Each structure stands twice: as C-alpha cells, then as structure tokens.
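# Structural overview
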Amino acid sequence: MTTTTTNLGAGSEDRVMATAQQILKSLNTPKEVREDMLLIFSSFDNRLSNITDLINENSDSAGVRFDAAEKVILQWDSSSSSSNADASRHSLPWEDSPDEAAEYLSAVDEILHLVADMSIRSDNKIMDRAETAIQMAMSRLEDEFRLVLIRNTVPLDSERLYGSIRRVSLSFAANDGEIGEEFESFAEVDGERGCFHERGPSFGDDLCVDLINPDAVMELKEIADRMINAGYEKECVQAYSNVRRDALDECLVILGVEKLSIEEVQKIEWKALDEKMKKWIQAVKITVRVLLNGEKRLCDQIFNGSNSIKEICFNETAKGCVMQLLNFGEAVAIGKRSSEKLFRILDMYDVLADALLEFEMMFTDEYMCTEAKGVLAGLGDAAEGTFLEFENAVKNEASKKPMQNGEIHPLTRYVMNYVKLLVDYSETLNSLLENDEDEADGLKSEDGELETMTPFAKRLLLLISSLESNLEEKSKLYEDGALHCIFLMNNNLYIVQKVKDSELRKLLGDNWVRKRRGSIRQYATSYLRTCWTKALHCLKDEGIGGSSNNASKVALKERFKSFNACFEDIYRIQTGWKVPDPQLREELRISISEKVIPAYRSFMGRFGSQLESGRHAGKYIKYTPEDLENYLLDLFEGSPLVLHHMRRKST
C-alpha cells in the first residue's frame, strides 16, 4: 500500500498535528517502543513528519516545568539548602508567607500532575528525582499541617458554654445524733446555708463554637488534598489526630476532668467525688454537644474528598477523649454505694444515655458505642442498687434518741426531701425499676390502685410506708402518750405536705393524701383524749355531793385545785412542745379550747359562786375562762414557760 498525500490546506494540517498531540499524551509505552510507533505514524502522511520535533518539544517543556517545581520544593527543604538565605526559609511560619505557600503548593501540584500525566515516566532519572521531591514535599506539608493546626486551635471558653445551673435546696435538719450516720451528708444545714443538688448546664440547640480558627480551615484542606492525592493520607490523618487528640485532652482539663484510674476514683472521699461527678456530667454534655460535633464538622470540612478518611480521622481523634470519660463513669458505677450518690449517678446515667444516641450517629467504630453501652448499663445498675440500699437504710435506721419536743424527726425531713427530688428522675427510674415488681408485693391497695401505678410510684409507696413504720417505732420512745401523738402528727403532716405540694401527689394519688389526713385527725383525737381527760374529769358533777346549791365546798375546792394543777402541769410541759405547722398548731388549740373552755365555764357557772363568797376564793378559782383561752395560745411554741408567768399573766 502506497502512502498518499492529500492536500487539504493549512487548516487540515493543524488538525492532524493536534490529533498527533493527543496521541502523544495517551502513549504509555517505553521510549524505544514509542519511537518505533512514531516512525510508523510518519509513514502514513507527510504532514506527520514533524511529530518527532513535537515529542522532543513536549519532553523539553515537561523537563523545564519539573525543574522549576523541584527548585521551589528544594528551597524549603533544610537538607538541600546551600545558602543561609535559603536555610532561613525553613523557620518561616507557613501562614506568614502566603505567596510562597501558594507557590509551594503549585509546585507540588505540578510534580504530581507531571507524574500522573506520564510526561516524565519514560525518564527513570527524572522519575527518581520526582519521587524524592514528593517525599520532601509531603514531609514539609505534614509539618506545616501540624503547625497550622496547633497555631490555630481555639482555646475552650468553658464559662461561656455553661448555662444556668439548677440548684435545688435539700433543706435537711441539723444532725445532732438523732439520725444514723448513713444520712449525715445530707443532714447538715442551718438558717444561712443549705445542701444543694445541682443539675448541670443547659445549652441551646444551636450552640456551636469554633475549634479551629475558620481562616485556617481552607489552608488545612489544601494541604490535606495534596497529601491525599500523593498517597500520604495515613500521615495526614495521623498528624491531624495527634494534634486534635491533644487539644481535646486539654479541653477536658479545662472542664475539670482528670485522668484517674478506677482505683484512684474509688479512694476519693464523697465531697471531692461529688464535685468530680458534677464536672464529669458537664464535661460529657459539652464534649458531645460542642467538641465532638465540632470535631466531626471540622473533619468533614478538611477531608471532604473521602468519606472513609473522614471517618477514620474522627474516630482516631475522639477515641481517647471519650474513653477517658467512660473510664470515670465505669469507676463510679462499680464504686461503693451510698444514698447521697444516687442523684449524681442518675444525672450521669441520663447524660450518658443522651450521649449514646449521639455516639451511634457519630462513630462508625462499633467498639466505642459498645463501651458506652456497657458503662451506661453499669450506671443503671448502680442507680437501682443505690435506691434499694436507701430503702433498706430508711427501714432499718434505728436511732434511739427521741426528739425532745416532739418535732419533725431529721429522718423524715431527709427522706421526704430526698424523694421529692427523685421525682425529677421518674422516667429514668421507671425504666430501671420496671423489672422489680416483686418488691412492691407487700403493699396493700384498694380498688386496684397498685395496678395503675408506675414502678417508681410503687417503690415510693413502699419507701414512705417504711418511713411511717419507722416513725411509729420511734414514737414508742416517748413515755408521755400525748407527746407520742404530737410527734406522729408533726411527722405525718410533714410527709403529707411534701406529697401534696409536689409532683409526688400525681404519683401517689389524692386518695393516699386523704387517708393520711384521716390518720392525722385520729392522732389529734388520741392526743385530746390522752392529755385532757384528767383535767376534764375534774369538771364533772359526779362525786361533789349534791346539787349546785348544796355541793360540798371541800369537794369543790379539791376539784378546782385538781383542775388548776392539771392545767398548769400541761401548760408547763406543752409550751415546750413544738408543732411547726401553724395551721395544725391553731387547729389543736381550737380543739382543746372547744373541749376545755365550755366545760370550765359551765362548771364555774354552776359551782363557782359557792366559793367566791368565801375566804381565799382566789386560791381555788385562779383562772377565768378568758385566762385559760389566753394560756392555750402559748402551747406548742417550743419555748417552755415558767409557772410564775401564768400567775403574772392572770393578774
């Protein structure tokens, strides 16, 4: 077959040469083979006779471009610098030389492009130089990547992150030996200070902070893109995760979370541990809502070219921070149980349960989610076990020192303030206690009440029943039957009020409140019968020896003397008794007045005249009904009055 030449004009020759250029670019063969192929091409058409010159021209152009790019890279490499001026460039911060940084990145792009285009692949010597230049460039970029990360890390401003902390007063009475030591830590309070349970910081849904200076993010992305394109993604991810892992560790330090072993945590005394638990709760919220979300967003921005790299980078960065938090949670979960820890443990459980939902969306590393689930289960077991131990402590608290004035026992204050706060955790406790229905088997119910109650409500009912039984036993320490009744009235009313005036009422029901109010009325009736029967007996007609006109004066004098003695004895003792609730105090006084004053007025009306005309009448008829009414106002104030006060008051 002969070679033909077709005269298509200058334009066609340009098109043929353009086609030849495309062929050159697509050639991926050794130099010797390529030359043979070009000879065959040139024999087809005389217009391809210049193709050899074109090959040489392209080769020369690629070599010039490579030399220029290599020179830029070598200028920033300390091992290849030949002058002090060049060597000084290694100490220049990348961010302070934006033009040179852009030139350097362009040089890296050029070499990677030339290698990818196969333009220099046929020359082994140049390829060796290219690989060396790429290694130098990647080492430099890795250093700059790390430096930019460090220089642009934004310190955590924890004060700005903390929302309002909810402080709930526990208001427990002073512990003067009336209560067992297992309740001591919640029992110390005075008029100026209280014991508080703090619920951690609250954050807005749109809370967002910059972990890295936003101006540096694009710069980091540009460096990461070059390292990934060059096959150095492992080094890039390692540099990123090392720097950011240290930054997250520093954030935990700022948030007050220390690196402690399980053994160290279990040796910490409660007050110090309480502070650490509180800081842990705050730290988990901030770490999940702010730090990890921010870290995830940062990884997405810097490594948005590869989902797998983003995931690996985030997992490696966050793992250490999360594991440190989980280790503390595990240490608390397996630590010694005591009642004062329950609120903190429940707070820890709740915050970790919320965090777990975030973990499952953030982490592709199943190990992290599995570890978090294990710690969450441990905290749940600890909370349930602590609640059960609290029930047993209430049931078995056996202090033997009675309250001197019949006032509210510290155990009552402790337990009712405790359970009132527990209502905030109803949902959590219902889920933790739902499999322990057997514990409530001993409760009595009417009209199927128990069937409609939640697991937590049943346990509260059992707990309060244990408290009531304990108080009944403590009331037996009083030799005075009337004080026994006052003590039970005070304590049962306190229990009822705490239930009635809080969310406890929804859990226990109105019927429970009505029954307890009925019990209080019964105690009041028992008090009146026990305390005032003897005094009222003195005002009866029996045994006086006749009608009102001829009754025995001796018997009348004895009756008035006996009544006076009874009343004065009651007054002397019961002014020192305490009924803290003003309404109950007033109701008791009215009940006493309604029984005593009419009986006294009637007795005086029938028999008083027989003594008033005699000598020393005032010795027997010492008080008017109005006097007695006034004296009743002094009862149950908790301030015992001396007897001469009565005499002075009656004059």
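Residues numbered from 1 in each chain as written. Predicted model: local features only at pLDDT ≥ 70, side-chain atom pairs only at ≥ 80, totals over all residues. Heavy atoms only, no water.

Now for the overall build of the protein chain. What the protein chain contains, in helices and strands, is 26 helices and two strands. Within the protein chain, the proportion of its 651 residues that are buried is 48%. Taking the contacts inside the protein chain whose residues are at least 6 apart along the sequence as the reference set, 79% of them involve residues at least 24 apart. (Helix = DSSP H or I, 4+ residues; strand = E, 2+ residues; numbered from the N terminus. Buried < 20%, exposed > 50% of the residue type's maximum accessible area, 1.4 Å probe, protein only. Contact = heavy atoms within 4.5 Å.)

Let us now look at helix α22 (residues 553-574). In this model, α22 (22 residues) spans 31 Å end to end at C-alpha, consistent with the 32 Å of a helix rising 1.5 Å per residue. All of the buried residues along α22 are Ala555, Leu556, Arg559, Phe560, Phe563, Asn564, Cys566, Phe567, Glu568, Ile570, Tyr571 and Gln574. (Expected span 1.5 Å × (residues − 1).)

Right, let's get into the side chain of glutamate 295. In this structure, glutamate 295 sits in helix α11 (residues 270-302). A residue is classified by how much of its surface remains accessible, and glutamate 295, at 0% relative accessible area, is buried. Not counting residues within four places of it along the chain, the set of residues in contact with glutamate 295 comprises Leu211, Tyr240, Arg244, Leu248, Phe314 and Thr317.

Our next topic: the pattern of salt bridges. Should the charged atoms of two oppositely charged side chains come close, the side chains can pair. What the rule picks out here adds up to 32 salt bridges. Note that aspartate 541 and arginine 606 form a salt bridge whose closest N and O atoms lie 2.4 Å from each other. Here aspartate 541, found in the loop between α21 (510-537) and α22, pairs with arginine 606, found in helix α23 (residues 582-612); they are 65 residues apart in sequence, far enough to count as distant. On the basis of relative accessibility, which here comes to 39%, the residue aspartate 541 falls in the partly exposed class. Of the charged contacts in the structure, one is a salt bridge between arginine 572 and aspartate 569, with a shortest N-O distance of 2.3 Å. Highlighted residues: arginine 572 and aspartate 569, both in helix α22, separated by three residues, approximately one helical turn. Looking at aspartate 569, the relative accessible area reads 34%, which means it is partly exposed. (Salt bridge = Lys/Arg side-chain N within 4 Å of Asp/Glu carboxyl O.)

This part is about the nonpolar core. Ranked by internal contacts, the top residues of the largest apolar core, which has 182 residues, are Phe145, Phe359, Phe363, Tyr527 and Trp532. With 15 residues, α11 is the largest single contributor of residues to this core. If we ignore the near neighbours within four places in the chain, the residues touching tryptophan 532 are Tyr527, Phe567, Ile570, Ile592, Val596, Leu632 and Leu635. (Core = buried A, V, L, I, M, F, W, Y, C linked by side-chain atoms within 4.5 Å.)

This part takes up the packing of aromatic side chains. Applying the stated criterion across every chain yields a total of 23 aromatic pairs. With a centroid separation of 6.2 Å and an interplanar angle of 50°, the aromatic rings of phenylalanine 343 and tyrosine 425 are classed as tilted. In this pair, phenylalanine 343 sits in helix α13 (residues 342-362) while tyrosine 425 sits in the loop between α15 (410-422) and α16 (426-433), placing the two residues 82 residues apart along the sequence. In this structure, phenylalanine 343 and tyrosine 425 share a single accessibility class: buried. For the pair tyrosine 414 and tyrosine 418, a centre-to-centre distance of 5.7 Å together with 15° between the ring planes defines the contact as stacked. Residue tyrosine 414 and its partner tyrosine 418 are both found in helix α15; the two are separated by four residues, about one turn of the helix. In this structure an aromatic cluster arises from ring pairing among Trp532, Phe563, Phe567, Tyr571, Tyr600, Tyr623 and Tyr631. (Phe/Tyr/Trp six-rings, centres within 6.5 Å; stacked < 30°, edge-to-face > 60°.)

Now for the environment of isoleucine 312. Position of isoleucine 312 among the secondary structure elements: in helix α12 (residues 307-333). A C-alpha to C-alpha distance of 9.8 Å links isoleucine 312 and glutamine 238, two positions 74 residues apart in sequence.

To continue, consider the packing of α12 against α13. Taken N-terminus to C-terminus, the directions of α12 and α13 make an angle of 160°; their axes are 12 Å apart at the nearest point. Classed by the angle they form, the pair α12 and α13 counts as roughly antiparallel. When the axes of α12 and α13 are compared, the crossing they make is left-handed. Across the interface between the two elements, Phe314, Val322, Leu326, Phe328, Gly329 and Val332 from α12 touch Ile345, Met348, Leu352, Phe359 and Met362 from α13. Partitioning the contact of α12 with α13 into residue classes produces 10 nonpolar, one polar and no charged. (Axes fitted to C-alpha atoms, helices over the stretch in contact; angles between N-to-C directions. Parallel < 35°, antiparallel > 145°, perpendicular 65-115°, else oblique. Left-handed = near helix turned anticlockwise from the far one by under 90°. Nonpolar A, V, L, I, M, F, W, Y, C, P; charged D, E, K, R; others polar.)

This paragraph deals with the confidence of the model for the protein chain. Residues at a pLDDT of 70 or more form 74% of the protein chain, whose mean pLDDT is 80. Every residue in residues 81-85 is under pLDDT 50, and counting partners more than four places away or in other chains gives five contacts. Low confidence marks residues 164-178, where pLDDT is under 50. Its contacts with residues over four positions away, or in another chain, come to 52 contacts. (pLDDT = per-residue confidence, 0-100.)

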